[in-house]
Amino acid sequence: MLHIKCPYCGIRSQKEFAYGGDATVKRPKLNSEVSDKEWDDFVYMRKSPRGKHTELWHHISGCRQWFKAQRDTTTHEIFETAKINEEIK
Amino acid sequence: MTQSHRLNNIGLINRNKKISFKFNGKKLFGFEGDTLASALLANNVHLVGRSFKYHRPRGLFGAGIDEPNAKLQVVINGQSEPNINATEIELVEGISATSQNCWPSVEFDIGAINNFLKSFFPAGFYYKTFMWPKSFWYRVYEPFIRKAAGLGVGSTEKDKERYEHKYEYCDLLVTGSGPSGLASAYAAAKSGAKVILAEDKPRFGGSLLTDDVNIDNLSGKQWADKIISELKEMPNVTLKNRSQVFGYYDHNMLVMFERTGDHLEKKSKYHPRQRLWYIRSKEVILSTGSIERPIVFGNNDTPGIFLASAAKEYMKVYGVVVGKKPLIFTNNDSAYETAIEFKKNGIDPIILDTREEQDTDLINDAKNQGIKIKFSHAVAVANGYKKVKSAKIGKLNSNKTGFENIETVECDCICVSGFWTPTVHLTSQSGNKLKFNKDIDAFVPDKSKQKEITIGAANGSFTLKETIEKSFESGANVAKKLTEKEVNIQVPSVTEKKQKTHDKFWCSPLPKNENPKRFVDFQNDVSVSDIELALREGYRSIEHVKRYTTLGMATDQGRTSNLNGLQLVSNIENKIVPEVGHTTFRPPFTPVTIGTIVGREVGHHYMPTRKSPMHEWHIKNNAVFVDAGAWKRPRYYKQGNENLLEASKREAKNVRENVGICDVTTLGKIDIKGPDSAEFLNRVYTNAWMKLPVGKARYGLMLREDGMVMDDGTTTRISENHYHMTTTTAQAANVLSHLEYYLQIVWPELNVNVVSTTEQWAGAAIAGPKSRELLKKLFPDLDVSNEGLPFMGYVESSLFGVPAKIFRISFSGELAYEINVESDYGLSTWEKLMELGKELRVQPYGTEALSTLRIEMGHVAGPELDGRTIPSDVSLDGMVSKKKDFIGKRSLVKEAFIKNDRQKIVGLVPTDRKSSIPEGSHIVSDKNAKLPNPKLGHVSSSCWSVENNNPFSLAIMKDGKNMIGKKFFAVSPVHKKTIEVEVISSHYVDSKGERVRS
Ligand SMILES: [Zn+2]
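Since the structure is predicted, the reported quantities are computational estimates derived from the model, not experimental observations. (Residues numbered from 1 in each chain as written. Chains lettered and ligands numbered in written order. Predicted model: local features only at pLDDT ≥ 70, side-chain atom pairs only at ≥ 80, totals over all residues. Heavy atoms only, no water.)

A.B. asks: Whenever I open this one, the coordination of the zinc ion confuses me. Can you help?
C.D. replies: Six octahedral donors around a metal ideally subtend angles of 90 or 180 degrees, whereas four tetrahedral donors ideally subtend 109.5 degrees. Residue and element names in this part refer to chain A. Within the protein, Cys6 (SG), Cys9 (SG), His59 (ND1) and Cys63 (SG) serve as the donor atoms for the zinc ion, at 2.0 to 2.3 Å. Taken together, the four donor atoms coordinating the zinc ion and their angles of 105 to 115° define a geometry best described as tetrahedral. Coordination of the zinc ion draws on donor residues from a single chain, spaced C-x2-C-x49-H-x3-C in sequence. You can see Cys6 sitting in strand β1 (residues 3-6) and its partner Cys63 sitting in the loop between β4 (52-58) and β5 (66-72), a full 57 residues away along the chain. Owing to a relative accessible area of 26%, Cys63 belongs among the partly exposed residues under this scheme. (Donors = N, O, S within 2.8 Å, 3.2 Å for Na, K, Ca; no water. Tetrahedral: all angles 85-135°; square planar, octahedral: opposite > 155°, others 65-115°. Helix = DSSP H or I, 4+ residues; strand = E, 2+ residues; numbered from the N terminus. Buried < 20%, exposed > 50% of the residue type's maximum accessible area, 1.4 Å probe, protein only.)

A.B. asks: Just to check I follow, could you spell out a positive patch on the surface for this structure?
C.D. replies: Taken together, the side chains of Arg50 of chain A together with Lys433, Lys447 and Lys449 of chain B make up a positively charged region of the molecular surface. Residue placement: Lys449 of chain B occurs in the loop between β27 (442-445) and β28 (452-454). (Patch = residues over 30% accessible without salt bridge, like charges linked within 9 Å, V, L, I, M, F, W, Y side chains within 5 Å. Areas by Shrake-Rupley, 256 points an atom, 1.4 Å probe, with all protein chains shown as cover. Salt bridge = Lys/Arg side-chain N within 4 Å of Asp/Glu carboxyl O. Lys, Arg positive; Asp, Glu negative; His and termini not counted. Charge placed at Lys NZ, Arg CZ, Asp CG, Glu CD.)

A.B. asks: Help me understand the sheet that holds strand β6 (residues 78-83) of chain A, please; the structure alone is not making it clear to me.
C.D. replies: Strands pair in a sheet through their backbones, by hydrogen bonds, and they do so in one of two ways: parallel or antiparallel. Strand order across the open sheet formed by four strands is β3-β4-β5-β6 (chain A), with antiparallel pairing between neighbours. Edge strands, defined here as strands with exactly one partner in the open sheet, are β3 (18-22) and β6 of chain A. Averaged over all pairs of adjacent strands, the angle between strand axes in this sheet comes to 30°, irrespective of strand direction. Pairing between β5 of chain A and β6 of chain A: five bridges, direction antiparallel. Looking at the pairing, Arg71 of chain A lines up with Ile78 of chain A of β6 of chain A. Against the sheet, helix α20 (residues 732-746) of chain B touches β4 and β5 of chain A, its axis set at about 85° to β5 of chain A. (Pairing = 2+ DSSP bridges. Axes fitted to C-alpha atoms, helices over the stretch in contact; angles between N-to-C directions. Contact = heavy atoms within 4.5 Å.)

A.B. asks: Can you help me understand the packing of aromatic side chains in this one?
C.D. replies: The geometry of an aromatic ring pair comes down to the distance between the two centres and the angle between the two planes. In this structure the tally under the stated criterion is 22 aromatic pairs over all chains. Taken together, a centroid distance of 6.3 Å and an interplanar angle of 85° make the contact between Tyr186 of chain B and Phe472 of chain B edge-to-face. Pair noted here: Tyr186 of chain B is in helix α5 (residues 179-190) and Phe472 of chain B is in helix α11 (residues 464-483), with a separation of 286 residues, a long-range link. The class of Tyr186 of chain B is buried, set by a relative accessible area of 9%. Through successive ring pairs, a cluster of aromatic residues spans Trp66 of chain A together with Tyr741, Tyr742 and Trp747 of chain B. If you follow Lys15 of chain A out to its NZ or CZ, it ends over the ring of Tyr278 of chain B, 6.0 Å from the centre. Sitting over the ring of Trp689 of chain B, Arg698 of chain B keeps its end group 5.9 Å from the ring centre. (Phe/Tyr/Trp six-rings, centres within 6.5 Å; stacked < 30°, edge-to-face > 60°. Lys NZ or Arg CZ within 6 Å of the ring centre and 35° of its normal.)

A.B. asks: Even after reading the chapter, I still don't get the packing of α5 of chain B against helix α6 (residues 220-233) of chain B, so can you show me in this structure?
C.D. replies: How two helices pack is summed up by the angle between their axes together with the distance between the axes. Residues and elements named next belong to chain B. In contact at an axis separation of 11 Å, α5 and α6 are set at 30° when each is read in the N-to-C sense. By the angle between their directions, the pair α5 and α6 is classed as roughly parallel. The element α5 and its partner α6 pack so that their crossing is left-handed. Side by side, α5 and α6 meet where Leu182, Ala183, Ala185, Tyr186, Ala189 and Lys190 of the first sit next to Trp223, Ala224, Ile227, Ile228, Glu230 and Leu231 of the second. Tallied by class, residues from the contact of α5 with α6 come to 10 nonpolar, no polar and two charged. (Parallel < 35°, antiparallel > 145°, perpendicular 65-115°, else oblique. Left-handed = near helix turned anticlockwise from the far one by under 90°. Nonpolar A, V, L, I, M, F, W, Y, C, P; charged D, E, K, R; others polar.)

A.B. asks: Help me understand the pairing of strand β38 (residues 722-727) of chain B in this model?
C.D. replies: Consecutive side chains of a regular strand alternate in pointing toward one face of the sheet and then the other. All names here are of chain B. Counting buried positions over the six residues of β38 gives six, a clear majority of the element. The two faces of β38 match: His722, His724 and Thr726 on one face and Tyr723, Met725 and Thr727 on the other face are all buried. The pairing of strand β35 (residues 668-673) with β38 spans six bridges and is antiparallel. Across the sheet, residue Lys673 finds its bridge partner in β38, namely His722.

A.B. asks: Sorry, what's going on with a nonpolar patch on the surface here?
C.D. replies: On the surface, a nonpolar cluster with roughly 390 Å² of combined accessible area is contributed by Trp103, Phe108 and Ile110 of chain B. Here Phe108 of chain B lies in the loop between β7 (96-98) and α2 (113-116).

A.B. asks: When you look at the state of the cysteines in this model, what are you seeing that I'm missing?
C.D. replies: Put plainly, two cysteines are in a disulfide when a covalent bond ties their sulfur atoms together. All chains considered together, the criterion is met by zero disulfides over all chains. Note on Cys413 of chain B: no disulfide assigned, nearest cysteine sulfur contributed by Cys415 of chain B at a separation of 4.3 Å. (Disulfide = S-S within 2.5 Å.)

A.B. asks: Whenever I open this one, the interface of chain A and chain B confuses me. Can you help?
C.D. replies: Accessible area lost when the parts come together is the quantity often used to give the size of an interface. Listed by partner, the interface residues are 28 residues for chain A and 28 residues for chain B. Both sides together, the interface formed by chain A and chain B hides about 2400 Å², and carbon and sulfur atoms give 52% of it. When the buried area of chain A at its contact with chain B is split by residue, Met1, Arg27 and Leu30 of chain A rank highest and sum to 27% of it. Put simply, chain A and chain B have four salt bridges between them. With its nearest N and O atoms 2.6 Å apart, the salt bridge here joins Asp36 of chain A to Arg890 of chain B. At the surface where chain A touches chain B, the tally comes to 17 residue pairs in polar contact (both at pLDDT 80 or more). Counting only elements with at least two residues in the side of chain A that touches chain B, the list comes to α1 (36-43) and β4 of chain A. Ranked by residues supplied to the side of chain A that touches chain B, first place goes to α1 of chain A with five residues. Counted by class, the side of chain A that touches chain B contains 13 nonpolar, eight polar and seven charged residues. (Buried area = accessible area lost by both parts, 1.4 Å probe. Polar contact = N/O pair within 3.5 Å; in protein donor to acceptor, adjacent residues only side chain to side chain.)

If you want it as structure tokens, here you go:
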């Protein structure tokens, strides 16, 4: 079980969190022209990298904030977590 | 029966407390401090079970977790449990054990015929034999295999014991209390670090209890006792015996299994039997020690054959001799200690050493004590069926591939030592690779992946001096990282006997013209010939050889067999062991009871139960409940002998004719506040929200980005910047996360806050033609006319002083209202509704009637909104705005979504107007078509229409709207039903929706 540092609450057990997928995906703007490919990439296409992955987690049994975490997908090491409006290096 | 093999002056048992127990029905005696295994051996009982495949007689072999054979069915505290290792269970009064995998008895086992048919049970036997015909699999082969295989019998009774879970955090967890564990824990504890020291056995000390060593002029045992008593006094140290760390997970989380109850004769009702510890440790020291490995020879599974270290432990810890005419068969020095221990206790052993004549401290000791040693000798075959009677031994030829001579010597036990294998399971579970150490012919941990180090014998360090020195250093170093304190500890002086290197001899050659089985894996009955066969048949990867032969796949995870198996494969393949590689170790390291894993989450503690404030009233009024997620909802209120269908028909009919009330507290409720709330709703829902006036509710539909309907519900504008959203019971949590996702990540510029208020409000739906009359009685001062409170209207009022929210919304299709009051007033409001509604013939209705009402109205719910339907599939295209953008809109123009023949919602009635159509039935055009019969759709919801008094179903069907008027078949192989159905509109009742507006 992972140990995850919520940027608002501190280190908590993985039990308190829900996984939210790739944090680098950007939703196309509302009311903008979006090609089929752009839309499909946004809805369906996700990379499955070996190594560093910047992803979303949701502290559902805590402060209910979404945040970013950079995790190694092979070792599960978490290098950094950050608030949504903060950058991950 | 006397304890014929108990010694008088040795051992750590309590001879003042005699304990009686039963084995295979026979009453025997042992002492407090015995294990079941040591007590059996004290009584000269060796035959404990039959082997897995060939039903060969098997005896005790090890003295702890190394034991592969002695898996017993044990009755403890009145409960029967299978596969308990006799070497791990402590003797308590009244314990009763029986052998497994034998019938009618362990002494005479009919299954042993497999042993004589063994050429018919080679490796891969099951794969090869039971391939065909396919139809035989379920009827013939599987039941046969299930009956023949398997060891003990799991109890079908409810487990009455209590199991607990515990979460613990510490600076350092040390796993194993042998010399390295004690030294490192001690050094770390001295620096003030919070330390947990875990020991699997009841006694701390590990090999110090049995090895002949001297530390600071103390025996190993005395030194261990001294360290333990000091650790006990330290407030920063937790000492845990009877505790096996069996799993190493991510981020340094380890799980430990503590045996808290089985060793007690009596325990209180709430005393747990076992406890599972989740330990999050900043640093971990793995001091798991090593396990002796056997040498393989003919009939090496005969009862009476032991690991030499086990024989020594039985003498020194339990005061038990495993035999009185021992042969010691070794390729290294350590077994000489076993021989010397026998001699000390008046028994004359013979040592067979595969090496040439040697000259070391231990060997000279043995010689000086007059012990007979035969160098360059090996055991070829053990003789005896249920117990060793003699052994064929011989002088090895120069390259050790055969014997120069063979002679038979009498013996009643053979103690074998093929050197030591570091216990690397936990380090491997941590994610570390292993590397092969040629000096010890075994794998040791490579680089640490997590914050852990492996020390002592587990790391391949087999001399005590080096182990103790390095362990003190490691403990101090780890602690320094954590506490930043330097500790100075006087490392004790260690005297031990120097040992010479072991012989790379792991398997005896066969004598001429003999072909006895030579077992590599005892627990799974895998012999040398099985592995040879697998390689002949082309298996190369060790992972494949393992699965084909089942080598190392038993519950002992190949503790005594892995390396010998690898040696065999590498010999045949002409490779070296590291080229063959090794298999992966996974948790649990030792078997764990399901009870421990489950802990207290049993029965109604399995998950939290959510109850509405009206729950007690429902119980008093004969509600039959149904689970809706964690909620308990009344399914129907039973009157007299009614069944589900009768009761739900009555309740639904009363709604259509009079008035009914339904507890809708469980609906998800979300408060939405902020100046951008309207804009937010406009983006979340498919329909328009910018112009909803204060005091009005609107039905909304929300999609996922992929265009599938996610949820529906009504949202009401309470005031300018305040909305009250409702969701379905099932999707409440998902919808809240969904809203938070968009507000926090996608549109952080929107000034909106959301919070769940599901538990703050109790809800009651009032539905039926007389609902307005009932509302009037409740709120005499309120204008409840169609003009005063129109369809989709909202007002706030006071119910006898209690603030109430009144929504005119309908799920049943009837004139209906929903009243919300603060939860604490839910019950009194409900009671008031029942009281005032009496003369209007009000009745409560449950979820079954609720479903009936919505189905015949054609309202979609969970079964239709199953994540595979877009709005037009369920006739909700009218809800989709063409003007504005919203979540999921872009997906709706995808090619597949605009096709005309998509599966769409329709209604179905059976042509006989009698047969209920099972939910989940497939719709087909030809009921007799060859399989697979093309599926045109499926039945999603079924009810008995109270309006039309016949069955009615909703279905999702290909090109649905164009099928109206046609006939098909609904087939349900599960219910063995085929029903002819007619396709009609999904709005079976009041298709114009006049009633809700009346
Ligand atoms: Zn948090």
